[in-house]
Amino acid sequence: MAEAERIIGTPDTPGAGPGPEQRDVRGTDGTDGTDDVDGTDGAGRADTAADADASAARPRRRRVAVLFAVAAFAYALDLVSKLLVVAKLEHHRPIEIVGDWLKFEAIRNAGAAFGFGEAFTVIFTVIAAAVIVVIARLARKLYSLPWAIALGLLLGGALGNLTDRIFRSPGVFEGAVVDFIAPKHFAVFNLADSAIVCGGILIVLLSFRGLDPDGTVHKD
């Protein structure tokens, strides 16, 4: 009897060895062979998060592109107009556009916009540079198209007048700005001044409406 049992073997007994349910389920790649309960692995979740971040960044990049496009247009228009005024109008008689109500007259202005504060040229230069830095920082969280246009006008105007203050006489950071638009009973100004004023008015209107640069709307 013992010899027969030795030949045919004995049935498995508890603890005699690993059964089918106790076999190692580790995969060949060293993982546990199972997926996350949501059916995706960690890499899939990371890819989804990266795609979401990229999708959120695209609107901001478009708004920033609008900002710099508006700024470049305003700056180029101001620069070209000043070059023409210096070449064709300076040291010549004013050109009447609408009788005495509106004339083109070349004037060098060492002060702020519209001829104010001529004794503080260096201070206004620093202020213009600070405005440019602030606008560049705001661009990092810009999602509003109207704000992009407003900031672009401010940036283009500030760059236009800052260029005059750096490169025109009497010296660096003390240069006189070229003004030429002369309405009757009003200060003479230029296109950079106009861009700054229009941008400032637009910002005030947006603030009254509660629209922030990041596109959110708040109500006080």
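Along each chain, numbering runs from 1 in the same order as the chain's sequence is written. pLDDT decides what is reported in this predicted model: residues at 70 or higher carry local features, side-chain atom pairs at 80 or more are listed and counted, and totals for whole chains, interfaces and linings draw on all residues regardless. Hydrogens are left out, water is left out, and the side-chain values use all remaining heavy atoms of the structure.

(A) Layout of the pairing of strand β1 (residues 95-98). Any two strands with at least two DSSP bridges between them are considered paired. By the criteria applied, helices consist of DSSP H or I runs no shorter than four residues and strands consist of E runs no shorter than two, each listed in order from the N terminus. With three bridges connecting them, β1 and strand β2 (residues 102-109) associate as antiparallel partners. Residue glutamate 96 lies in a different strand from β2, and its bridge partner there is lysine 103. Between β1 and β2, which pair antiparallel and follow one another directly, the connecting turn spans three residues, one of which, glycine 99, has a positive phi of 55°.

(B) Highlighting helix α5 (residues 191-209). The length a helix should cover is 1.5 Å for every residue beyond the first. Spanning 19 residues, α5 covers 27 Å between terminal C-alpha atoms, matching the ideal 27 Å at 1.5 Å per step. Measuring from the side-chain oxygen of the N-cap residue of α5 to the backbone nitrogen of alanine 192 gives 3.0 Å; that N-cap residue is asparagine 190. Directly after α5, the chain includes glycine 210, whose backbone phi takes a positive value near 80°. N or O atoms closer than or at 3.5 Å make up a polar contact, with two conditions inside protein: a donor-capable atom paired with an acceptor-capable one, and, for residues adjacent in sequence, both atoms drawn from side chains.

(C) Region of interest: the packing of aromatic side chains. Each Phe, Tyr or Trp ring (for Trp, its six-membered ring) is paired with any other whose centre lies within 6.5 Å, and the angle between the two planes then decides the class: stacked below 30 degrees, edge-to-face above 60, tilted in between. If you walk through the whole model with that rule in mind, you get two aromatic pairs. Summarising the aromatic geometry, the rings of phenylalanine 186 and phenylalanine 189 are spaced 6.3 Å apart at their centres and angled 85° between planes, so their arrangement reads as edge-to-face. In this scheme, Lys NZ or Arg CZ marks a charge over a ring once it lies within 6 Å of the ring centre and within 35 degrees of the ring normal. In this arrangement the basic side chain of lysine 184 is found over the ring face of tryptophan 101, its NZ or CZ atom lying 4.8 Å from the centre.

(D) Looking closely at the side chain of asparagine 161. Along the chain, the position of asparagine 161 falls in helix α4 (residues 145-167). Contacts were defined at the residue level, with two residues in contact if any of their heavy atoms lie within 4.5 Å. Apart from residues no more than four positions distant in its own chain, asparagine 161 is found in contact with Asp78, Lys82, Val177, Asn190, Ala192, Asp193 and Ile196.

(E) Up close: α4. Spanning 23 residues, α4 covers 33 Å between terminal C-alpha atoms, matching the ideal 33 Å at 1.5 Å per step. In this structure serine 144 caps α4, since a side-chain oxygen of it lies 3.4 Å from the backbone nitrogen of tryptophan 147.

(F) How the structure looks around unusual backbone geometry. Cis rather than trans, the peptide bond between serine 169 and proline 170 has omega equal to 15°. Here proline 170 lies in the loop between α4 and β3 (177-183). In this model, histidine 91 sits at a positive phi of 70°, which is unusual for a non-glycine residue. Positive phi values are uncommon outside glycine, yet histidine 185 reaches one of about 60°. Locating histidine 185 in the fold gives a position in the loop between β3 and α5. Judged by relative accessible area, histidine 185 falls into the exposed class, the value being 72%. Exposure is judged per residue with a 1.4 Å probe applied to protein chains only, and the accessible area is read against the type maximum: over 50% gives exposed, under 20% gives buried, and values in between give partly exposed.

(G) Inspection of the packing of α4 against α5 at higher detail. Axis angles are defined between N-to-C directions and span 0 to 180 degrees, where every axis is a line fitted to C-alpha atoms and, for a helix, only to the segment in contact. At a minimum axis distance of 8 Å, the contact between α4 and α5 shows a crossing angle of 150°. Here α4 lies roughly antiparallel to α5, going by the angle between them. In terms of crossing hand, the pair formed by α4 and α5 is left-handed. Taking contact as the criterion, the partners of Pro146, Trp147, Ile149, Ala150, Leu151, Leu153, Leu154, Gly157, Ala158, Gly160 and Asn161 in α4 are, on α5, Ala192, Asp193, Ala195, Ile196, Cys198, Gly199, Gly200, Leu202, Ile203, Leu206 and Ser207. Partitioned by chemical class, the residues of the contact of α4 with α5 number 15 nonpolar, six polar and one charged. Each angle receives one of four descriptions, namely roughly parallel if under 35 degrees, roughly antiparallel if over 145, roughly perpendicular if within 65 to 115, and oblique otherwise. For any pair of crossing helices, the crossing counts as left-handed if the nearer helix is rotated counterclockwise from the farther one by less than a right angle, and right-handed if it is rotated clockwise. Each residue receives one of three labels: charged for Asp, Glu, Lys and Arg, nonpolar for Ala, Val, Leu, Ile, Met, Phe, Trp, Tyr, Cys and Pro, and polar for the others, Gly being one of them.

Shape is all these values report; function is a separate question.
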